[in-house]
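# Commentary on secondary and tertiary structure
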Amino acid sequence: MSLYTDYLTEIEARKEQGLHPKPIDDAALVSELIAQIKDTGHGERDSSLNFLIYNTLPGTTSAAGVKAAFLKEVILGQVVLAEITPTFAFELLSHMKGGPSIGVLLDIALGDDAALATQAADVLKTQVFLYEADTARIEAAYKAGNAVAADLLESYAKAEFFTKLPEVQEETKVVTFIAGEGDISTDLLSPGNQAHSRADRELHGQCFISKAAQDEIEALKAAHPDKQVMIIAEKGTMGVGSSRMSGVNNVALWAGKPASPYVPFVNYAPIVAGTNGISPIFLTTVGVTGGIGLDLKNWVKKTGPDGKPILNNDGEPILEQVYSVETGTVLTINSKTKKLYNDTGDSELVSLESSFTPQKMEFMKAGGSYAIVFGKKLQTFAAETLGVEMPLVFAPSKEIHNDGQGLTAVEKIFNRNAVGLKTDKPLHAGSDVRVKVNIVGSQDTTGLMTSQELEAMAATVLSPSVDGAYQSGCHTASVWDLKAQANTPRLMKFMNDFGLVTARDPKDQYHAMTDVIHKVLNDITVDDRAIIIGGDSHTRMSKGVAFGADSGTVALALATGEATMPIPESVKVTFKGKMQEHMDFRDVVHATQAQMLQQHGDNVFQGRIIEVHIGTLLADQAFTFTDWTAEMKAKASICISNDETLVESLEIAKSRIKIMIEKGMEHENGMLQNLVDIADKRIAEIKSGEVPALTPDDNAKYFAEVVVDLSVIDEPMIADPDVNNIDVSKRYTHDTIRPISYYKAEKKVDLGFVGSCMVHKGDIKIVAQMLRNLEATNGKVEFKAPLVVAAPTYNIIDELKEEGDWEILQRYSDFEFDDFAPKSKARTEYENVLYLERPGCNLCMGNQEKAAKGDTVLATSTRLFQGRVVEDSNEKKGESLLASTPVVVLAAILGRTPTVEEYKAAVEGIDLTKFAPPQQVPLGANSAHF
């Protein structure tokens, strides 16, 4: 059997699933194709030609290397083919976008054949994915007097790779498709339980929304061949929850444009929209593909004569439709006037100014943001090498300076990390600049896509300007099934070779770590002025400012050490009053959302930075707040800590990094020790008073301020998906926060879950303490619902064992994870017992473990989206309600939501997660606590 016959067998298997041949990334298979192509009498020659031309992946895949070398032979006349002429070979190389293809083109461009050199140079002038090794060759040839190299540099300095591209078309006709009513989670576009297939774009595309939706989109395309389908979240926000590059890929697959005729299933330029616009991190992902994201504003709040919103019987604002976007509506997008019009273009519907900024227009023209980032670097290199002034081709960084205005915390962080500025004046919100990225995290269900993106942009090594980079294994920790076994080791090897510290050692010399990525990133962030990019919406550190990002933006940060983004506005959150003894900090987090909505009516957090003045809460506990800000639809969050608190948090981080080193996780590049050194330096700066903990200026300007009154939080709070709300747009929003008394101890709970990134060591200790208390009062504790407990890190388990808490958890557990014999199949049924699961995401991710369909789950996790933790059954909607650890534990024991009295009795004497505001007047705040 040959690789080729194996490939044919795989093709037949895919046909049964309605799939085309899988794109080829293996060098050995391409070598076999080429051998069959050279054999003019071979029976599979035509098929082999087809696979080589149309089905071989570009970039730095091993397959691309063999294909590029073969095309070089064709161009040099060493191989003569009727089907692939030298001219066609140049065209194929032009579509391979970097990596080995650039090397081949440079070989020919800098070679002795003048005619071929000119052709190669013409192709190179269209390419932007050049790295140091490539530019060094051009520079050396130029200095040696090579005319072609000089010509190349002149073209790059003028950025002809960009200026000669077609302009963005002025008018785009679209036909609408309503994907859903209310907020649309990226789980609808790319379900978490299908994470294993994300790297296989055609296969993953089958999980997009539903088969019925796919058929309807295809019917719209057939009926409107001259128009593009626009995917819409009606009465909601598109793409909430996560960046989900696979979600944008799926949208582009069904409603975008093919990027190249020679690269299958890679589409770009999708058009997505929402009544309330696009979630910030999802909008970044749309920009990666050169797509368009629209804020439709097609529903508005109905107002009375006094100008205030008119409320319905539930106290909710009544919405009225400004214009219809029902499925099948034809509209006109005008990129010049930056407006949305009706079909005929004679009636303006809404301004699209924010959708067509100069920067976004560049992404659209170039086919995505990568080309702009690399193009700017290439232009800078060329101008510097030639010693000429760089012509202004790209939209300049937007630099906003407000004289006399202080800086918020995020403004200070961006100013510290900004690169390529025109002046040294401080930047304020609204500026759009390049910034250095200090920490990068890649997670395991998006990591294979990140590796694909790195290959596509021809990157081979981690940028030396990145301080720390980590590849997690937490999203696939629950079940070591065939899918995980096939994907995870391959991912870990790629990332370790690239320069990242990896959760699993490709050499199997240290124990596989499935610690939750956000906890690890929180530990390896050792500077409160750092910028962090992570492949997950919950990249929300309690030190520095962290942005959840798509797999492509993560790849870009890994390859370049930079990101380009606007400085967001900030909302200040301060606290007053005293936290009641029976309350847990998780209830403060829920109350923040509820009190914000009470104070402002609208969600002022959406798309902005939440600057929370947390003061005395250590990084682990504060992370509970920052983590939740993803559900508040915030762009990111920043914790303002006291000096002493920050120093203690950094010392804890240092100790955990040292544990990683002791376990053998240090990379050969010395990354972990370097992070320890950075932490030591930062601690010294704080202690000496040289550079205190990050604080905003007292004359900083905020979009809004939220003052959380701790004293009025007197009973546990639950975030409810409100699955039966008559208004579909109000379901699964995270905005429905209810006290437990609302449920009157009548809400049946089918399963409890304590785990995910929202819990820390204290939460697992609470479980143990509650079991001891209830055991002492009532004898052996009996569970009326299953309780699943998944500690977020191995360190926590080690410490619980040392402190004696793990023993009682073991006594009540009917299942305890075993790293030497991990589960190979997902659990489908649960008994009414305690399950001690492997550290990792577990039920929160929903890609491996799930509750039974139709269950009501009470969890500490972050996600209450439809189909995430639990799916609907034919009889009942699945519900994922979110609460504090003590509420979840008690509900699992009772089999229902508790009364306030039952709760208070159960937590008496328990060391709950506490918080007290700083004892000084918060800077510029109107809430003073003494």
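Structural notes, computed from the coordinates.

Criteria and thresholds
Residues numbered from 1 in each chain as written. Predicted model: local features only at pLDDT ≥ 70, side-chain atom pairs only at ≥ 80, totals over all residues. Heavy atoms only, no water. Helix = DSSP H or I, 4+ residues; strand = E, 2+ residues; numbered from the N terminus. Rg over C-alpha atoms; globule rule 2.2 N^0.38 Å. Buried < 20%, exposed > 50% of the residue type's maximum accessible area, 1.4 Å probe, protein only. Areas by Shrake-Rupley, 256 points an atom, 1.4 Å probe, with all protein chains shown as cover. Lys, Arg positive; Asp, Glu negative; His and termini not counted. Charge placed at Lys NZ, Arg CZ, Asp CG, Glu CD. Salt bridge = Lys/Arg side-chain N within 4 Å of Asp/Glu carboxyl O. Axes fitted to C-alpha atoms, helices over the stretch in contact; angles between N-to-C directions. Parallel < 35°, antiparallel > 145°, perpendicular 65-115°, else oblique. Contact = heavy atoms within 4.5 Å. Nonpolar A, V, L, I, M, F, W, Y, C, P; charged D, E, K, R; others polar. Phe/Tyr/Trp six-rings, centres within 6.5 Å; stacked < 30°, edge-to-face > 60°. Lys NZ or Arg CZ within 6 Å of the ring centre and 35° of its normal.

## Regarding the overall build of the chain
Of the regular secondary structure elements, the chain holds 31 helices and 33 strands. A compact globule built from 930 residues should have a C-alpha radius of gyration of about 30 Å, and the chain, at 28 Å, falls within 12% of that. The dimensions of the chain, computed from C-alpha atoms along their principal axes, are 90 × 65 × 65 Å. Here the chain holds 930 residues, and 61% of them are scored as buried. When the accessible area of the chain is evaluated, it comes to approximately 34800 Å², of which 51% is carbon and sulfur surface. Distance between charge centroids for the chain: 2 Å, based on 90 positive and 127 negative side chains.

## What to know about the pattern of salt bridges
For the coordinates displayed, the defined rule picks out 62 salt bridges. Measuring nitrogen to oxygen at the nearest pair gives 3.0 Å for the salt bridge that ties Asp107 to Lys72. In this pair, Asp107 is assigned in helix 6 (residues 100-109) and Lys72 in helix 4 (residues 62-75), connecting sequence segments 35 residues apart. For Asp107, a relative accessible area of 31% gives the class partly exposed. Note that Asp403 is salt-bridged to Lys425, the shortest N-O span being 3.6 Å. Residue Asp403 is found in the loop between helix 17 (369-386) and helix 18 (409-417), and its partner Lys425 is found in the loop between strand 14 (418-419) and strand 15 (432-436); the two are separated by 22 residues along the sequence.

## Some thoughts on the packing of helix 2 (residues 27-38) against helix 4
At a minimum axis distance of 7 Å, the contact between helix 2 and helix 4 shows a crossing angle of 30°. Considering their axes alone, helix 2 and helix 4 lie roughly parallel with respect to each other. For the pair helix 2 and helix 4, contact is made by Ala27, Val30, Ser31, Ile34, Ile37 and Lys38 and by Ser62, Ala63, Val66, Lys67, Phe70 and Glu73, respectively. Each residue belonging to the contact of helix 2 with helix 4 can be placed in one class, and the counts come to seven nonpolar, two polar and three charged.

## Structural notes on the packing of aromatic side chains
Tallied over the full model, the rule gives 15 aromatic pairs. In this structure an aromatic cluster arises from ring pairing among Tyr156, Phe161, Phe162 and Phe394. When the ring centre of Phe815 is taken as reference, the NZ or CZ atom of Arg827 above it lies at 4.7 Å.

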